[in-house]
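Okay, here's what each chain looks like letter by letter:
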Amino acid sequence: GVREEPALRESREAEAEEPEAEVIEVDEPQLPPSIEEWLREIDEVGFLARYHGDIAAHFDSPAQVLDVYLLRRPLPRAEAQPPASAVSAAVSASNFGPVSFDPRFFEEMQIAKLGHRRLFDQWAAERLNLSAPRALSRRLTAAAPASGPDD
């Protein structure tokens, strides 16, 4: 067999332990149909209108943008909450931070201003922060039989 260098094996094992960013599925009917309307929804004043050309050159709809660039990153281990049960572990969103845009979105669409980047992330956090998985997690946790000192 092929022998692996110990350092290589350790780095691969460390990678396997790190949770990856969660893939987010967004309900398309809730989104504005055009990039222009989407940018106006994020920023009614119109500061983001300047990015319409770059975004529209690559994408037909906001849903396509979000499919490529939306992330929900794992929280650092110190902040992550252990799941209350195996059932809630399967659906728990408590170990993931808020929904945000992949930094590549800002680089590739040439959105350099920090304030503009924050508008996109704020929109994602407020509009798409997926309360449904958390609510489902709470319901399943509540429905699971409690294991107490009597067991």
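Turning our eyes to something else, we now look at the pairing of strand β2 (residues 96-101). In terms of residue burial, β2 counts as a mostly covered element, since five of its six residues are buried. As paired strands, strand β1 (residues 70-74) and β2 are joined by four bridges and run antiparallel to one another. Each residue of the ladder has a partner; that of Arg-72, found in β2, is Val-99.

The next thing to look at is the nonpolar core. Counting residues in each nonpolar core, the largest one holds 24 residues, and the members touching the most others are Trp-38, Ile-55, Val-65, Phe-101, Phe-105, Phe-120 and Trp-123. If you list the elements that add at least two residues to this core, you get α2 (35-42), α4 (62-69), β2, α6 (103-108) and α7 (114-127).

Moving on, we come to the packing of aromatic side chains. Counted according to the given criterion, the structure contains eleven aromatic pairs. Three or more aromatic residues link up through ring pairs in this structure, and these residues are Trp-38, Phe-59, Tyr-69, Phe-101, Phe-105, Phe-106, Phe-120 and Trp-123.

A few words on the pattern of salt bridges. Tallied over the full model, the rule gives four salt bridges. Here Arg-40 ties to Glu-36 by a salt bridge, and the two come within 3.3 Å at their closest N and O atoms. Placement of the pair is Arg-40 and Glu-36 together in helix α2, with a separation of four residues, close to one helical turn. Taking relative accessible area as the criterion, Arg-40 reaches 44% and is therefore assigned partly exposed. Between Asp-102 and Arg-104 there is a salt bridge; the shortest N-O distance is 3.2 Å. The class of Asp-102 is buried, set by a relative accessible area of 13%. Arg-104 gets classed as partly exposed once you look at its relative accessible area, which sits at 37%.

Calculation criteria
Residues numbered from 1 in each chain as written. Predicted model: local features only at pLDDT ≥ 70, side-chain atom pairs only at ≥ 80, totals over all residues. Heavy atoms only, no water. Buried < 20%, exposed > 50% of the residue type's maximum accessible area, 1.4 Å probe, protein only. Helix = DSSP H or I, 4+ residues; strand = E, 2+ residues; numbered from the N terminus. Pairing = 2+ DSSP bridges. Core = buried A, V, L, I, M, F, W, Y, C linked by side-chain atoms within 4.5 Å. Phe/Tyr/Trp six-rings, centres within 6.5 Å; stacked < 30°, edge-to-face > 60°. Salt bridge = Lys/Arg side-chain N within 4 Å of Asp/Glu carboxyl O.

Geometric values such as these leave the question of function open.
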